[in-house]
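Tertiary structure, described
In case you want the letters, here they are:
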Amino acid sequence: MKFPQQLLLRLTALLEDPPPCNPATPPAKPVRSCKPRLHGIDAPLTAQARELVQELRGLQDLAQKVRVVWNSRLQTTAGTASARTWEVEINPRLKDHGPAVIQRILRHELAHLVSVHRAGRRRITAHGPEWRQACTDLGIPGEPRCHSLPLKGRQVRAKFAYRCQHCGRLLKRVRPLGRRSACFDCCQKHNHGRYDDRYRYLRIPLDVLEEGRIQQAP
Ligand SMILES: [Zn+2]
Ligand SMILES: [Zn+2]
């Protein structure tokens, strides 16, 4: 199976900036000291993960406890796995990118749990030979170690550039912003997270942004 590299790189680019603030989006809740984890178990994916593990030898124990959950607190990470809870966490933003990407991430993360479980008390490196073997066993040989390159989507060319008219924050996008999209930071800071036209992003020429000739407004 060919790895949908382009799709994931594109995904990475889309995840690199905080979402702009739109009138349609409800204002973000004020930060409290103890935020609930926005978690939801996905029953079909959990069932599928258990089946995948069941097909491997000697992992009945893991097959019974593994769970797949959506975690909306993941930002630039496509997925993670925890050997403490035996959970695979998947970024809900992946839903926009189709089932093939979700399947890939599911197996990548599951391979972490499989390799850790097999290793028992022995310490292994996250993307070492044990993990690579688990990837092969789960049908994704040659899996790359990283799906969420942190920021700066170098491989993807942004086609649109914007600047916040208030704080001067620059934004590059692969896809255009909606008509009324405002700077997330400014809406948070000055307007309780609600949209305000004063913080709307203005489109600017991409080449200007890339050459770094734009002065950050005070
Ligand atoms: Zn990994
Ligand atoms: Zn701003």
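Look up: the structure comes first, before these words.
The structure contained in this document is the topic of the report that follows. These numbers come from a predicted model, not from an experiment. (Residues numbered from 1 in each chain as written. Chains lettered and ligands numbered in written order. Predicted model: local features only at pLDDT ≥ 70, side-chain atom pairs only at ≥ 80, totals over all residues.)

1. Side note on helix α5 (residues 129-137)
Note the cut-off: To sort residues by exposure, count the other C-beta atoms lying within 10 Å of each residue's C-beta; 20 or more gives buried, 12 or fewer gives exposed, and values between give partly exposed, all with C-beta atoms placed from the backbone. A run of H or I in DSSP becomes a helix once it reaches four residues, and a run of E becomes a strand once it reaches two; helices and strands are each numbered from the N terminus. This arc is taken over the directions from the axis of the helix to the C-beta atoms. The contact rule is simple: place each C-beta atom from the backbone, and if two of them lie within 7 Å, those residues are in contact.
Among the residues of α5, Trp 131, Ala 134, Cys 135 and Asp 137 are the ones counted as buried. For α5, the angular spread of buried residues about the axis comes to 160°, placing them on one side. Residues of α5 that are buried in the fold lie against α4 (99-119). Following α5 by one or two positions, Gly 139 adopts a phi angle in the positive range, close to 90°.

2. Overview of unusual backbone geometry
The residue Trp 86 is not glycine, and still its phi comes out positive at about 55°. On the secondary structure map, Trp 86 appears in the loop between β3 (79-82) and β4 (87-90). Judged by the 17 C-beta atoms lying within 10 Å of it, Trp 86 falls in the partly exposed class. With a phi close to 55°, His 192 is a non-glycine residue in the positive phi region. Mapped onto the elements of the fold, His 192 is located in the loop between α6 (184-191) and β7 (201-204).

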